[in-house]
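A structural walkthrough
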Amino acid sequence: MTTTTHAIAAPSPGAALSPTTIERRDLRPDDVLIDIAYAGICHSDIHQVKEDWGSAIFPMVPGHEIAGVVAAVGSEVTKYQVGDRVGVGCMVDSCGECEYCLAGTEQFCLKGNIQTYNGVGFDGENTYGGYSRQIVVKDGFVCRIPEGIGLDIAAPLLCAGITTYSPLNRWGAGPGKVAVVGLGGLGHMAVKIAVAMGAEVTVLSQSLKKQEDGLKLGAKDYFATGDASTFQTLRGRFDLILNTVSATLPIDSYLGMLRVGGAMVNVGAPGEPLSYNAFSLLGGNKVLAGSMIGGIAETQEMLDFCAEHGIGAEIETISADQVNVAYDRVENSDVRYRFVIDASTIGA
């Protein structure tokens, strides 16, 4: 038996989102039913609604930044109970058997992790995301949101938080000089997290229009990459550069700002290929890398870290009827720094 719940869906590629109802599966023994409180709007939601990344499944209910409260649990669930504060991120299942799943990096599952929306589960059913009142998720893909973080400012951590925490963690963003490229939904989280890790953070942005924000978030310096002299001024400065923007950049210029042995890590996904000169890496034993979210264990680690350091997203809370306007504003970079949908307004 399934449960009907209110949702917001895109009926076809590029179409405006509108109210609808969807079916959630009946609880399996290892399932958790979550009453969604808030769902963040990630730029990738917009890309997938518009089919920017290839053919997609419609109708589509986006949303993989989900925070809420447990409403019911399956018969074999022991980790969670009704009333627990929980979150769900970018994936809701994986094979659980391959080397990457066993290593806690389910995002690289050899059979393909099951995306929270615009995916097909191992049961053959389409997945629908967090722009809805309820969701049913396998318990192993649910994370606990610690007390001390509001559910609204915690929701974006399930994507923007782990997307930036994972590379900062892997590449050792402790004491040392770290640059964050872009101060948007990802970039503002990267600044907060890197500062909490003990790094001296510099923001690199096209202009200085968000400089005051960057410094308030904890950055020590803020430079405009639209000024060509910036790349010479900062040459050889950084141990780590985290690129959060989905735009084609002059990679050689950015690599020139790394110290010997430094790394530039990309989490942004531009539509066009990035190019670089091999000597930009060879000349200083430098690294050009990429990073994609994190596993469930690391996502929980990130949430605990954020709770310990009082970190949450900077948000603008909206109602369900404002989602299409919010999409337009995201595409115009007119949000500081994450829209979050109040799920109680869906179907209200």
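On a predicted model such as this, the values are computed, not experimentally measured, just so you know. Per chain, residue numbering runs from 1 following the sequence as it is written. Only residues with pLDDT of 70 or above have their local features reported here, since the model is predicted, and side-chain atom pairs are shown and tallied only from 80 upward, although totals for entire chains, interfaces and linings are computed over all residues. The basis for every side-chain value is the complete set of heavy atoms in the structure, and neither hydrogens nor water enter the calculation.

**As for the overall build of the chain**
To be explicit about the condition: Secondary structure elements are taken from DSSP: a helix is a run of H or I of four residues or more, a strand is a run of E of two residues or more, and numbering for both begins at the N terminus. As a reference, a globule follows 2.2 Å times the number of residues to the power 0.38, and the radius of gyration itself is taken over C-alpha atoms. Only protein chains enter the calculation, and the probe is 1.4 Å; a residue is then buried if its accessible area is under 20% of its type maximum, exposed if over 50%, and partly exposed in between. Here a residue-residue contact requires only that any non-hydrogen atoms of the pair lie within 4.5 Å. For the accessible areas, the method is Shrake-Rupley and the probe is 1.4 Å, while residue cover comes only from the protein chains on display. Positive charges are assigned to Lys and Arg, negative charges to Asp and Glu, while His and the chain termini are left out of the count. The atom standing in for a charge is NZ when the residue is Lys, CZ when it is Arg, CG when it is Asp and CD when it is Glu.
Counting its secondary structure elements, the chain contains 11 helices and 17 strands. Taken against the 2.2 N^0.38 rule, which gives 20 Å for 348 residues, the C-alpha radius of gyration of the chain at 20 Å falls within 12% of a compact globule. With respect to the three principal axes, the spread of C-alpha positions in the chain is 65 × 40 × 40 Å. Counting the 348 residues in the chain, one finds 53% classified as buried. A fraction of 66% describes how many contacts in the chain between residues 6 or more apart in sequence connect residues 24 or more apart. Surface accessibility of the chain: about 14700 Å² in total, with carbon and sulfur atoms responsible for 49%. Measuring between centres, the 24 positive side-chain charges of the chain sit 7 Å from its 39 negative side-chain charges.

**A short note on unusual backbone geometry**
Across residues other than glycine, the phi torsion is negative in most instances, and most of the peptide bonds are trans. Cis peptide bonds are those with omega within 30 degrees of zero, and the linkage from Phe-58 to Pro-59 qualifies with 0°. You can see Pro-59 is positioned in the loop between α1 (43-49) and β4 (66-73).

**Looking at the nonpolar core**
Applied cut-off: By convention a nonpolar core is built from buried Ala, Val, Leu, Ile, Met, Phe, Trp, Tyr and Cys residues, the set being connected through side-chain atoms within 4.5 Å.
The biggest cluster of nonpolar side chains holds 92 residues, and the ones touching the most others in it are Ile-41, Tyr-131, Leu-168 and Val-323. No other element matches helix α5 (residues 185-196), which puts six residues into this core. Among all residues touching Leu-168, those that are not within four sequence positions of it are Ala-173, Val-178, Ala-190, Ile-193, Ala-194, Met-197, Leu-240 and Leu-242. If you look at the next biggest cluster of nonpolar residues, it comprises 15 residues, including Leu-204, Phe-231, Ile-251 and Leu-281.

**Structural notes on the packing of helix α4 (residues 160-170) against α5**
The following threshold applies: Structural elements are reduced to axes, namely lines fitted to C-alpha atoms, with helices fitted over the stretch in contact, and the angle between N-to-C directions of any two is expressed from 0 to 180 degrees. Note that the term roughly parallel is reserved for angles under 35 degrees, roughly antiparallel for angles over 145, roughly perpendicular for angles of 65 to 115, and oblique for everything else. Here a crossing is called left-handed whenever its near helix is offset anticlockwise from the far helix by less than a right angle, and right-handed whenever the offset is clockwise.
It is the contact of α4 with α5, at a shortest axis distance of 9 Å, that shows an interaxial angle of 50°. Put simply, α4 runs oblique to α5. Note on packing geometry: the crossing formed by α4 with α5 is right-handed. Of the residues in α5, those touching α4 at Ala-160, Gly-161, Thr-163, Thr-164, Tyr-165 and Leu-168 are Gly-185, Leu-186, Met-189, Ala-190, Ile-193 and Ala-194.

**Looking at the pairing of strand β13 (residues 238-243)**
Rule in force here: Pairs of strands are assigned from DSSP output, requiring at least two bridges between the strands.
Of all six residues in β13, five are buried, a share of seventy percent or more. In this structure, strand β10 (residues 177-181) lies alongside β13, joined through four bridges in parallel fashion. Paired with Val-180 across the strands is Leu-242, a residue of β13. Here five bridges tie β13 to strand β14 (residues 258-266), and the two strands are oriented parallel to one another. Residue pairing across strands places Asn-243 opposite Asn-266, the latter belonging to β14.

**Regarding the environment of Glu-51**
Within the secondary structure, Glu-51 sits in the loop between α1 and β4. Given a relative accessible area of 28%, Glu-51 falls into the partly exposed group. For the pair Glu-51 and Trp-171, spaced 120 residues apart in sequence, the C-alpha to C-alpha distance is 32 Å. Setting aside anything within four residues of it in sequence, one finds Glu-51 in contact with Pro-13, Ala-56 and Phe-58.

**A word on the pattern of salt bridges**
Rules: The salt bridge criterion pairs a side-chain nitrogen of Lys or Arg with a carboxyl oxygen of Asp or Glu, the two atoms within 4 Å.
On inspection of all chains with the given rule, the structure shows 13 salt bridges. For the salt bridge of Lys-50 with Glu-331, the shortest nitrogen-to-oxygen distance reads 3.0 Å. A residue pair is termed long-range when its members are at least 10 positions apart, and Lys-50 in the loop between α1 and β4 and Glu-331 in helix α11 (residues 323-331) qualify at 281 residues. Residue class for Glu-331 comes out partly exposed when judged on its relative accessible area of 37%.

**Observations concerning the side chain of Thr-5**
Under the convention used in this document: Polar contacts, as counted here, are pairs of nitrogen or oxygen atoms within 3.5 Å of one another; within protein the pair requires one atom able to donate a hydrogen and one able to accept it, and residues that are adjacent in sequence qualify only if both atoms are side-chain atoms.
Its location among the elements puts Thr-5 in strand β1 (residues 3-9). For Thr-5, a relative accessible area of 5% gives the class buried. At 3.3 Å, the side chain of Thr-5 and the backbone nitrogen of Gln-134 are in polar contact. Ignoring anything within four residues of it in the chain, the contact list for Thr-5 reads Thr-20, Thr-21, Ile-22, Arg-24, Arg-133 and Gln-134.

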